[in-house]
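The lines below spell out each chain.
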There are 2 protein chains.
Amino acid sequence: MNITIYDVAREANVSMATVSRVVNGNPNVKPATRKKVLNTIERLGYRPNAVARGLASKKTTTVGVIIPDISSIFFSELARGIDDIATMYKYNIILSNSDQNKDKELRLINTMFEKQVDGLVYMGANISEEHVQQLKTSPVPVALAATIDSSETIPSVNIDYEQAAYEATSLLIENGTKHPIYVSGQETSAVNEKKYAGYVKAIKESNKEVNEDYIISAEFSYESGIEAANQIINIKDYPTGIFVATDEMALGVIHGLQDNGVNVPEDVEVVGFDNTRLATMVRPTLSTVVQPMYDIGAVAMRLLTKFMNKENVEEQNVVLPHQIVKRNSTK
Amino acid sequence: MNITIYDVAREANVSMATVSRVVNGNPNVKPATRKKVLNTIERLGYRPNAVARGLASKKTTTVGVIIPDISSIFFSELARGIDDIATMYKYNIILSNSDQNKDKELRLINTMFEKQVDGLVYMGANISEEHVQQLKTSPVPVALAATIDSSETIPSVNIDYEQAAYEATSLLIENGTKHPIYVSGQETSAVNEKKYAGYVKAIKESNKEVNEDYIISAEFSYESGIEAANQIINIKDYPTGIFVATDEMALGVIHGLQDNGVNVPEDVEVVGFDNTRLATMVRPTLSTVVQPMYDIGAVAMRLLTKFMNKENVEEQNVVLPHQIVKRNSTK
DNA sequence: CTGAAAGCGCTAACAC
DNA sequence: GTGTTAGCGCTTTCAG
């Protein structure tokens, strides 16, 4: 049997309440008895049981984190931001991968609630009606990180994807491409729709009709970026500017192009999205939209702490600034 | 107030014990009453409280995972393996980043115990005496993943780093480099020592003395790989084969070489270590040692489940097979 | 097959 | 300042 608060109380000749007080840093304890208790805690090697504490106090100092895939270079960065701020506020995180699978997502949310998390950070491309329903009836605060709920009814932290995509596309246009190609992820998600909208906006603004042939749907992977490049070079008189929805795909596009003897940026310019660490790990280095993943995670977690502390929050749908870094994949 | 097992019992006209039985799938319940209970659970929207359950049963179905840095492309892959198997066995993971900081590591271990995890997967370069002490007196099973404890006293899952490094170096030697360069990580860890030992073994076996000038200590980052390359080309008559301790550094080395007009593999051959996804995301693609990160995580978690179930395990220090993939950074 | 009752280890009033 | 006493919501004997 493990040693409990009761054992400490007995050994120190005080009540459990007093022990509890010193363990919790309650100031209403005479320094002398505090010291005495601390000593016997040390001597006995007492370690508070967080589960019992959680049951009694209804606080677990644990938050749930539902993430599509922790092995993704994009999401793992977000997760790091979340954990760092969680740690700062004395929370631990229960992390679960959802693979963007709706059933799994819904199940995980429920599991988190069963585990009595004090809050939940949720990431996932598709926020369905069911998701909103489940999240809105949550017993604890929820924050979305890098994920958009069209109803705007759940607190969230994002960047302005549409504007970012608009700027990226515009850069290509300014550099001389009349109608840049867009290599998009194929899954339907609010984020993707916004990126697409931004792309379209830039095209239209330059008085062009959107040419569907210049929109290539890929799978969000490096390999599918290579495939996209192969498709592109088969387009007659293909445009010399390509906007790619993620850095990883963009690397694939660049290498696919190079493998076909096309030079970047001399022959074709490429702009990515995210600014993952990959962007500087290619030759040429990748011009891309900076999405501050770490910060999004950190801010989402920070937002959550405010809700958990019942602090006042002015804006519950935070939009973080983005920017475009020009590196060597554009002229 | 939330709805409890007691509410369900009252509404269903049974005892809490019976409700508990159906919730836990205990077969000793008449189908009719099971159904009745299930219905009222559904109707009331009852959701079991895992914390209360944990306190009563002394099982939390949660395991702790201490990881150096989840945003690392290497460790995030391990984490994914861990979580997948954890999920398979109905466990959730509490994930915490240690940054390889000893104090933080020790503190995290303790936190995990306070949270009453049923087991712990630990990753970290340096297993000190204190670590061993704390881990050996753990109230729950522990498994090390991709981390070596020299005392071999704690269950672990690894590959044979020395042999792998030996093979990688030998490949370079076979390809014609008399004395390959080794770009190592500078932190002292058991894993690093083994890699170094393997390198040395290969050099000595080819009847050479180890030339300290050919051992370059870098920082495990892409950037320091580039720096290492810059150092290398300043070596007079530098060797034409380089073994690099991680893929990320290897990418840096390759790009650093290319930036200086050195062609890979024509002028210099490079072999990496790990086979992270980066290895196929460079040109030339990287020849490297395959370390099955995902599997290491998965097997470590599987091992842990065996301990938690008090199953019998034959070998508690698992060594997974490695291999070398030859891609285009070697001839 | 079902119920009663005793905790699990701690917090949180409430007294004193 | 400190102690007493209820619970928190559930599992788990032990009866029957």
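Owing to the predicted nature of the structure, the values given are computational and were not obtained by experimental measurement. (Residues numbered from 1 in each chain as written. Chains lettered and ligands numbered in written order. Predicted model: local features only at pLDDT ≥ 70, side-chain atom pairs only at ≥ 80, totals over all residues. Heavy atoms only, no water.)

1. Some points on the packing of helix 8 (residues 161-174) of chain A against helix 9 (residues 190-205) of chain A
Residues and elements named next belong to chain A. The contact between helix 8 and helix 9 brings their axes to 7 Å, and the two run at 40°. With respect to helix 9, the axis of helix 8 lies oblique. As for how helix 8 packs across helix 9, the hand of that crossing is right-handed. Counting all contacts with helix 8, which are made through Tyr-161, Glu-162, Gln-163, Ala-165, Tyr-166, Thr-169, Ser-170 and Ile-173, the residues of helix 9 involved are Val-191, Lys-194, Lys-195, Ala-197, Gly-198, Tyr-199, Lys-201, Ala-202, Ile-203 and Glu-205. Considered class by class, the residues forming the contact of helix 8 with helix 9 number 9 nonpolar, 4 polar and 5 charged. (Axes fitted to C-alpha atoms, helices over the stretch in contact; angles between N-to-C directions. Helix = DSSP H or I, 4+ residues; strand = E, 2+ residues; numbered from the N terminus. Parallel < 35°, antiparallel > 145°, perpendicular 65-115°, else oblique. Left-handed = near helix turned anticlockwise from the far one by under 90°. Contact = heavy atoms within 4.5 Å. Nonpolar A, V, L, I, M, F, W, Y, C, P; charged D, E, K, R; others polar.)

2. Focus: the domain arrangement of chain A
Residue and element names in this part refer to chain A. Each assigned domain of chain A is listed here: domain 1 (5-48), domain 2 (62-159 + 293-321) and domain 3 (161-292). Between domain 2 and domain 3, the contact holds 16 residues from the first and 15 residues from the second. Both sides together, the interface formed by domain 2 and domain 3 hides about 1,300 Å², and carbon and sulfur atoms give 64% of it. Counting every contact that joins domain 2 to domain 3 gives 0 salt bridges. The tally of links between domain 2 and domain 3 comes to 6 residue pairs in polar contact (both at pLDDT 80 or more). Those elements that place two or more of their residues in the side of domain 2 that touches domain 3 are helix 5 (73-88), strand 5 (156-159) and helix 12 (293-308). Element by element, the count of residues in the side of domain 2 that touches domain 3 is highest for helix 12, at 4 residues. Along the lines of polarity and charge, the residues of the side of domain 2 that touches domain 3 split into 11 nonpolar, 4 polar and 1 charged. (Domains from an automatic or database assignment. Buried area = accessible area lost by both parts, 1.4 Å probe. Salt bridge = Lys/Arg side-chain N within 4 Å of Asp/Glu carboxyl O. Polar contact = N/O pair within 3.5 Å; in protein donor to acceptor, adjacent residues only side chain to side chain.)

3. Topic: the packing of aromatic side chains
What the rule picks out here adds up to 10 aromatic pairs over all chains. Ring centres of Tyr-182 of chain A and Phe-243 of chain A lie 5.2 Å apart, and the angle between their planes is 20°; on these two criteria the pair is classed as stacked. In this pair, Tyr-182 of chain A sits in strand 6 (residues 181-185) while Phe-243 of chain A sits in strand 8 (residues 241-244), placing the two residues 61 residues apart along the sequence. For the pair Tyr-182 of chain A and Phe-243 of chain A, one class covers both residues: buried. Following the ring pairs from residue to residue traces out a cluster consisting of Tyr-161, Tyr-182, Tyr-199, Phe-243 and Phe-273 of chain A. Across from the ring centre of Phe-273 of chain B, 4.2 Å away, lies the NZ or CZ of Lys-195 of chain B, which sits over that ring. Its end group placed over the ring of Tyr-166 of chain B, Lys-201 of chain B keeps NZ or CZ at 4.4 Å from the ring centre. (Phe/Tyr/Trp six-rings, centres within 6.5 Å; stacked < 30°, edge-to-face > 60°. Buried < 20%, exposed > 50% of the residue type's maximum accessible area, 1.4 Å probe, protein only. Lys NZ or Arg CZ within 6 Å of the ring centre and 35° of its normal.)

4. Observations concerning unusual backbone geometry
Glycine aside, residues mostly have negative phi angles, and peptide bonds mostly take the trans form. Cis geometry is adopted by the peptide bond preceding Pro-265 of chain A, which originates at Val-264 of chain A and carries an omega value of 5°. Pro-284 of chain B follows Arg-283 of chain B through a cis peptide bond whose omega is -5°. Position of Pro-284 of chain B relative to the elements: it lies in the loop between strand 9 (269-274) and strand 10 (287-290). One non-glycine residue, Ala-146 of chain A, lies in the positive phi region at around 50°.

5. Observations regarding the interface of chain B and chain A
Between chain B and chain A, the residue contacts involve 51 residues of the former and 51 residues of the latter. Around 4,500 Å² of area is buried between chain B and chain A when both sides are counted, 51% of it from carbon and sulfur atoms. Counting across the chain B and chain A interface gives 8 salt bridges. Our count for the contact surface shared by chain B and chain A stands at 30 residue pairs in polar contact (both at pLDDT 80 or more). Elements with a contribution of two residues or more to the side of chain B that touches chain A: helix 4 (50-57), helix 5 (73-88), strand 2 (92-97), helix 6 (102-114), helix 10 (222-233) and helix 11 (247-259) of chain B. Here the residues of the side of chain B that touches chain A are counted per class, giving 21 nonpolar, 16 polar and 14 charged.

6. Thoughts on the packing of helix 1 (residues 5-12) of chain B against helix 2 (residues 16-23) of chain B
All names here are of chain B. Interhelical geometry of helix 1 versus helix 2 gives an angle of 110° and a closest axis separation of 8 Å. Considering their axes alone, helix 1 and helix 2 lie roughly perpendicular with respect to each other. Here helix 1 contributes Ile-5, Tyr-6, Val-8 and Ala-9 to the contact with helix 2, which in turn contributes Met-16, Val-19 and Ser-20. Residue composition of the contact of helix 1 with helix 2, by class: 6 nonpolar, 1 polar and no charged.

7. Focus on the relation of the copies chain B and chain A
Rotating chain B by 180° about the axis while translating it 0.0 Å along that axis superimposes it on chain A, leaving an RMSD of 0.1 Å. Overall, the copies show the geometry of a two-fold rotation axis. Closest to the rotation axis within chain B is the C-alpha of Ile-94 of chain B, separated from it by 2.2 Å. (Least-squares fit on C-alpha atoms with pLDDT ≥ 70 in both.)

8. Thoughts on the pairing of strand 1 (residues 62-67) of chain B
Residue and element names in this part refer to chain B. In terms of residue burial, strand 1 counts as a mostly covered element, since 6 of its 6 residues are buried. A two-sided burial pattern is seen for strand 1, the buried positions comprising Thr-62, Gly-64 and Ile-66 on one face and Val-63, Val-65 and Ile-67 on the other. Both strand 1 and strand 2 contribute to a ladder of 6 bridges, which runs parallel. In the sheet register, Ile-66 faces strand 2, and the bridge partner there is Ser-96. Read from strand 1 through helix 5 to strand 2, the crossover connection turns out right-handed. One ladder, built from 4 bridges, connects strand 1 with strand 3 (residues 119-122); its direction is parallel. The partner of Gly-64 across the bridge, within strand 3, is Leu-120. (Pairing = 2+ DSSP bridges. Right-handed = clockwise from strand over helix to strand, strands pointing away.)

9. Some points on the environment of Ile-181 of chain B
All names here are of chain B. Tracing the backbone through its elements, the reader meets Ile-181 in strand 6 (residues 181-185). Taking the relative accessible area as the measure of exposure, Ile-181 reaches 0% and is therefore buried. Separated by 72 residues in sequence, Ile-181 and Ile-109 place their C-alpha atoms 38 Å apart. In this view, Ile-181 contacts Tyr-199, Tyr-214, Ile-216, Ile-232, Ile-235, Pro-239, Gly-241, Ile-242 and Phe-243; residues no more than four positions away in its chain are not counted.

10. Quick notes on the protein's contact with DNA strand C
DNA strand C sits among 27 residues. The nearest are Ile-5, Ser-20 and Tyr-46 of chain A together with Arg-21 and Thr-33 of chain B. Among atoms of DNA strand C positioned within 4 Å of the protein, sugar and phosphate together represent 62%. Here Ser-20 of chain A contributes a side-chain N or O atom positioned 2.6 Å from a phosphate oxygen of DNA strand C. Take Ser-15 of chain B: an N or O atom from its main chain is 2.9 Å from a phosphate oxygen of DNA strand C. Among the elements of the structure, helix 2 (16-23) and helix 4 (50-57) of chain A together with helix 2 and helix 4 of chain B are those that each provide at least two residues to the surface near DNA strand C. (Near = heavy atom within 4 Å.)

11. Some words on the UniProt feature "domain: HTH lacI-type" (unreviewed entry) in chain A
The UniProt feature table records "domain: HTH lacI-type" (unreviewed entry) at residues 3-57 of chain A. The span residues 3-57 of chain A carries 69% helix and 0% strand; its end-to-end C-alpha distance comes to 20 Å. (UniProt positions renumbered as here; feature names shortened; annotations may be inferred.)

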